[in-house]
Each structure stands twice: as structure tokens, then as C-alpha cells.
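# Report on the structure
Chain residues, written in single-letter form:
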Amino acid sequence: MKHMVVIKYNNGTILKGFTQDFAPSRGRFHVVQTDGNIRQVSLRHLKAVFFVRDLEGRQGYRETKEFTEEASIGKRLNVTFLDGENIRGKSLSYNDAESGFFLEPADPNSNNIRIYVVKSSTKNVVEV
């Protein structure tokens, strides 16, 4: 299955495209960029992988950081990245000892469907 992704590197670079082989345990995956070029991506250089509804985002939409639905399953987390970006969501896979985890955004109308957070790019992760 093809997934639309927006990849953010620790250095601020952004890559957009599609992936079919994302598996965090492998440490790398491939992205078919919007220009058709294929690029191998290593997780160790990334901030996060955003699985999105639209590669261009939702212009003008202001995502809420508050939980708008009752979280029935998963830990509610506030993630602060080293660059200061803050994301709230819930996670079924968060484990402080792991190198990364999936996060579902607090806002169900977000352009982000889910986010793979690379733990080494975070300043802190706290339960809310």
C-alpha cells in the first residue's frame, strides 16, 4: 500500500512523496518523490515521518492542540522536539526505551493521519 508522507529531517529539510516500505525496525526506507525520483531515507537523520492526507497540507486550517475526542485507547502525549515544535496526540506504541513511536494527532481533522516520531529528535515526551 502506498502512503503519502512528509519527512522532516533534523536539519530542517523536508521531503515529500510516497512510501511502500516504511518499517521502523529496518532503520531505512524508500520514498518516491513528487518528481518521480526514488530516495533512500535513513531514520537516524530524521525528526519525524508524517503520514498525511494531502502533500500540500491544508492551507489556512489551524490545527487544535487540544484533544477533541475521548481517547479510549493509548497514552495522551505532548511531544516537544529539539527545534521547539510541539505536537499532541495519543500513542499505542510509546515506550521510553524505544528509538521511536507512532502518534495519532489530537485533532482528528489534522492533515496528519499519524506521525512516526524519532525519539532522538525530541526534547521531551510527557503524558497529559
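Residues numbered from 1 in each chain as written. Predicted model: local features only at pLDDT ≥ 70, side-chain atom pairs only at ≥ 80, totals over all residues. Heavy atoms only, no water.

## Section: the confidence of the model for the protein
Applicable threshold: Known as pLDDT, the predictor's confidence for each residue is given on a scale from 0 to 100. A run of H or I in DSSP becomes a helix once it reaches four residues, and a run of E becomes a strand once it reaches two; helices and strands are each numbered from the N terminus.
The predicted model of the protein averages 92 in pLDDT, with 96% of residues at 70 or higher. Mean pLDDT in the protein bottoms out at strand β7 (residues 86–91), which sits at 94, and peaks at strand β5 (residues 46–52), which reaches 98.

## Details of the pairing of strand β4 (residues 38–42)
The test is simple: Strand pairing is assigned whenever DSSP detects at least two bridges linking the two strands.
As paired strands, strand β3 (residues 28–33) and β4 are joined by five bridges and run antiparallel to one another. When the bridges of β4 are listed, V32 appears paired with I38. Following β3, the chain reverses through four residues before pairing antiparallel with β4; G36 in that reversal takes a positive phi of roughly 95°.

## Quick look at the sheet that holds β5
The strands that make up a sheet pair up through hydrogen bonds in the backbone, lying either parallel or antiparallel. What counts is decided by this rule: Axes, fitted as lines to C-alpha atoms, cover a helix only where it is in contact. Angles between the N-to-C directions of the axes lie from 0 to 180 degrees.
One open sheet accounts for ten strands, arranged β4-β3-β2-β1-β5-β9-β8-β7-β6-β10; its pairing is antiparallel. This sheet does not close on itself; its edge strands, each paired only once, are β4 and β10 (122–127). Neighbour-to-neighbour, the strand axes of this sheet turn through a mean angle of 40°, independent of strand direction. Here strand β8 (residues 100–105) runs beside strand β9 (residues 112–118); their pairing, made up of four bridges, is antiparallel. When the bridges of β9 are listed, F101 appears paired with V117.

## Quick notes on the nonpolar core
Basically, it comes down to this: Nonpolar cores are built from buried Ala, Val, Leu, Ile, Met, Phe, Trp, Tyr and Cys residues. Side-chain atoms within 4.5 Å join them into one set. Burial status follows relative accessibility: with a 1.4 Å probe on protein chains alone, a residue under 20% of its type maximum counts as buried, one over 50% as exposed, and anything between as partly exposed. Only heavy atoms matter for contacts: two residues are in contact if any of them lie within 4.5 Å across the pair.
Residues F50, V79, F101, L103, I115 and V117 are the most contacted members of the largest nonpolar core, which totals 15 residues. Counting only elements with at least two residues in this core, the list comes to β5, β6 (75–81), β8 and β9. For I115, the residues in contact, after removing those within four places along its chain, are A48, V49, F50, I87, F101, F102, L103 and P105. Membership of the second largest hydrophobic core comes to 14 residues, among which are Y9, F22, V31 and V118.

## Some details on the layout of surface pockets
To keep it simple, the criterion reads: Only protein atoms enter the 1 Å grid, on which a cavity is a set of points fitting a 1.4 Å probe that cannot get out and a pocket is an open set with protein on both sides within 12 Å along at least 5 of 7 lines, lining residues being those with an atom within 4 Å of a point. Grid points are joined across faces, edges and corners, and a volume is the space filled by probe spheres set on the points. Gly counts as polar in this scheme, as do all residues outside two lists: the nonpolar Ala, Val, Leu, Ile, Met, Phe, Trp, Tyr, Cys and Pro, and the charged Asp, Glu, Lys and Arg.
The computed volume of the largest pocket comes to approximately 430 Å³. Around the largest pocket, the lining comprises 20 residues; the ones closest to its centre are K8, G57, E63, N111 and N112. Tallied by class, the residues present in the lining of the largest pocket amount to seven nonpolar, five polar and eight charged. Empty space within the second largest pocket amounts to approximately 170 Å³. Residue lining of the second largest pocket: eleven residues in total, with K90, S91, L92, F102 and E104 positioned closest to the centre. Of the residues contributing to the lining of the second largest pocket, the split by class is five nonpolar, three polar and three charged.

## Some details on the environment of F102
Considering the arrangement of structural elements, one finds F102 in strand β8. In this structure, the C-alpha to C-alpha distance between F102 and F22, residues 80 residues apart in sequence, is 12 Å. With residues up to four places along the chain from it excluded, the contact list for F102 reads F22, P24, F51, K90, S91, S93, R114, I115 and Y116.

## Here's the deal with the packing of aromatic side chains
To be explicit about the condition: Pairing of aromatic rings covers Phe, Tyr and the six-membered ring of Trp, with a centre-to-centre limit of 6.5 Å; geometry is then stacked below 30 degrees between planes, edge-to-face above 60, and tilted otherwise.
Following the criterion strictly, the structure yields seven aromatic pairs and no others. Geometrically, the ring pair formed by Y94 and F101 is edge-to-face, given 4.9 Å between the ring centres and 85° between the ring planes. Given a relative accessible area of 15%, Y94 falls into the buried group. Overall, the relative accessible area of 1% leaves F101 in the buried class. Their ring planes at 65° and their centres at 5.1 Å tell us that F102 and Y116 sit as a pair that is edge-to-face. Here F102, found in strand β8, pairs with Y116, found in strand β9; they are 14 residues apart in sequence, far enough to count as distant. Residue Y116 is classed as buried on the basis of its relative accessible area, which comes to 5%. Ring-pair connections join several aromatic residues into one group, and the members of that group are F22, F29, F51, F102 and Y116.

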